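Coordinates in review
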Amino acid sequence: MTESAIGISAAVATARKPSPLVDRLLGTFVPRLIAGLAILLLWEFVVRVFAPAYVAKPTTVVMAIPRVITDSAFLAATGATLAAVAEGLAIALVFGTIIGLLMGRNAMFESAIRHYVNGFYAVPMIVVLPLFSLWFGYSSATRIATIIFAATFSIIINVADGARSVPREYLEVARSFRSGRLRMLIEIVLPASLPYLLAGFRLAAGRALIGAVVAEFFISVGGLGYYILYNSRSYHHNEAFVGVLLLAAFGVGFELLVNWNTRRFMPWYRRDEIEN
Amino acid sequence: MDAGSSAFADDDSGVSKKTVQTIDLRRHAPFWISLTAGIAVWEIAGRSTSAAFMVPFSETLVRFWQLVMGGEFLTQLLDSGQLFLTGFMLALFVGMPLGMLLARVPALRIGIEPYIMILYATPMVALIPFILSMMGFGFVPKVLVVFLFAVFPVLYNTVEGARSIKPELIEVAKSFRSSEWSLWREVMLPYTLPYTMTGVRQAIGRALVGMVAAEFFLSSTGLGQLIMSASQNFDTGGVFASILIIGLIGVGLMRLGLKIEQHFARWRQ
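1. As for the overall build of chain A
Each helix and strand counted, chain A has 13 helices and 0 strands in total. A total of 276 residues make up chain A; the buried ones form 36% of that total. Within chain A, residue pairs in contact and separated by at least 24 positions form 76% of the contacts whose partners lie at least 6 positions apart.

Below, the structure is given as structure tokens:
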């Protein structure tokens, strides 16, 4: 009884106080800040006590940041990797969407290639590297091919899922207005499966980034992955770690961008459905 | 149960068996047709290009048989399996309890969650050069790579599941003076397990990539070495045979992961 009374008075008190900002700050921001500082401190301490001097630790990485981001070699490497990822993703997006739409709406086509799409998706993308380097040589073509291979199948699978789950009424209405098949595919099925496409794209972007880095490790073609490899081999761990931070920022950035777009432009779509 | 089903089979065995067979055939026909067509395309493409580029399916099979007979394949498979299982199990046994601990202590969860999300989205391959230069070529750094690839999906999904536990459940358990141990066993575990298993499915795929990456970029062993040495010797047949095998292992493990996930998904509510 008394407890519930206190609860109510507390609720009233918080309702009267018009500062959800302070609440949020105390509720989430402060614990996150403390946890982040604790992680950084622990890392600094462990490296200082147990590891050799060249190993990256927060203070030295932070000091390396201004030096690295003004370094033209670093900027060129970042540009090369990002351009390759963007190019590969664009190609994967076009082919993945076309194949996915056809797969979702045509049972014959689906049963013909479904097992191959699922199979190639399950193949760890890294095993194709020796083959691709045999085919395309030790050049940036291998990197693009790896990115496309890494990204395409997750887009196909998701777009096909989306195209399959287009509400039947939409198609019936279109058909009763004598809409052509191609027009139906482009104007109804594609927009209706957009949330799935975005979910697939988010997955694909992460995989494309991994594909680019792995390809650069493998064939030593210039880029962010190679920058990391080269600098860590020559014991410039702090410089190399700035590259890792940038990669992490790209990974998180893609994720946030897609989530924001889904919420902003497709608010009717339930978040937890896209999550998987 | 047994008697009943046999009696039913006696009743109209001829008809029902036949229909079951035709339905089975019809259901699986597209799969076999597309498989045959794929193999045919591969065979034709392989025969009409240079042998350094592509090898027909038949030759790939022959090369695979040679690898199996030479004993090379089995030792490398066992080597890779050991690496995969050690790293994966470690990820499971660290990720699951840690995720549940975060569930039990909300302040900790709110604090650490964003960092787990960041690490989940970070391409872990980028850390391989650091691991190489700090820890060298042994078995331990390779296990670490597999572990790093696999642990964050498990952790991330377990925490996600932990958020789905209704606070009332824990309150009720507490008001019945449930001990901490039985609270974990009877509320936390059943509620988070389906989510953890989604993480396990993702972790299987990632751990496989991590395994091959470790075998490529750290000391060369296992199935990774099988591909690497074949590619360095311009043994295209060997490359195709090993990619086919790793691909089939990938598909098999993926299916296993999906089965495990679906099995536990029934608990989700």
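2. Description of the overall build of chain B
When you go through chain B residue by residue, the secondary structure sums to 11 helices and 0 strands. Reading the helices (α) and strands (β) of chain B from amino to carboxyl end gives α-α-α-α-α-α-α-α-α-α-α. Relative to its 269 residues, chain B shows a buried fraction of 39%. Summarising the internal contacts of chain B: among those between residues at least 6 apart in sequence, 78% fall at separations of at least 24.

3. Section: helix α2 (residues 20-50) of chain A
Between its first and last C-alpha atoms α2 of chain A spans 44 Å; for 31 residues at 1.5 Å apiece the expected length is 45 Å, and the two agree. Burial analysis of α2 of chain A places just 0 of its 31 residues in the buried class, a small minority of the element.

4. What to know about the nonpolar core
Core analysis: the largest hydrophobic core is formed by 132 residues, its most contacted members being Val-146 and Ala-213 of chain B. With residues near it in sequence (within four places) discarded, Val-146 of chain B still touches Leu-83, Phe-84, Gly-87, Phe-88, Ala-207, Gly-210, Met-211 and Ala-214 of chain B.

5. Notes on the interface of chain A and chain B
Opposite the 47 residues of chain A that make contact, chain B presents 41 residues. For the side of chain A that touches chain B, the elements supplying multiple residues, two or more each, are α2, α5 (107-122), α6 (129-136), α10 (194-219), α11 (224-233) and α12 (237-265) of chain A. The element contributing the most residues to the side of chain A that touches chain B is α12 of chain A, with 8 residues.

6. Comments concerning the domain arrangement of chain A
Looking at the assigned domains, one finds that chain A contains domain 1 (2-50) and domain 2 (58-275). Using only C-alpha atoms to locate each centre, domain 1 of chain A and domain 2 of chain A end up separated by 36 Å.

7. Overview of the confidence of the model for chain B
Residue and element names in this part refer to chain B. Averaged over chain B, the pLDDT score is 83; the fraction of residues at 70 or greater is 90%. Low pLDDT, under 50, characterises residues 1-14; the stretch is placed with 0 contacts to residues that sit more than four places away or in other chains. Both confidence scores are given for the complex: pTM 0.83, ipTM 0.81.

8. Some words on the environment of Leu-245 of chain A
All names here are of chain A. Residue placement: Leu-245 occurs in helix α12. Judged by local crowding, Leu-245 falls into the partly exposed class, with 14 C-beta atoms found within 10 Å. Taking the C-alpha atoms as reference points, Leu-245 and Tyr-230, separated by 15 residues in sequence, lie 16 Å from one another.

The rules behind the values
Residues numbered from 1 in each chain as written. Chains lettered and ligands numbered in written order. Predicted model: local features only at pLDDT ≥ 70, side-chain atom pairs only at ≥ 80, totals over all residues. Helix = DSSP H or I, 4+ residues; strand = E, 2+ residues; numbered from the N terminus. Buried ≥ 20, exposed ≤ 12 C-beta atoms within 10 Å, placed from the backbone. Contact = placed C-beta atoms within 7 Å. Expected span 1.5 Å × (residues − 1). Core = buried A, V, L, I, M, F, W, Y, C linked by C-beta atoms within 7 Å. Domains from an automatic or database assignment. pLDDT = per-residue confidence, 0-100.

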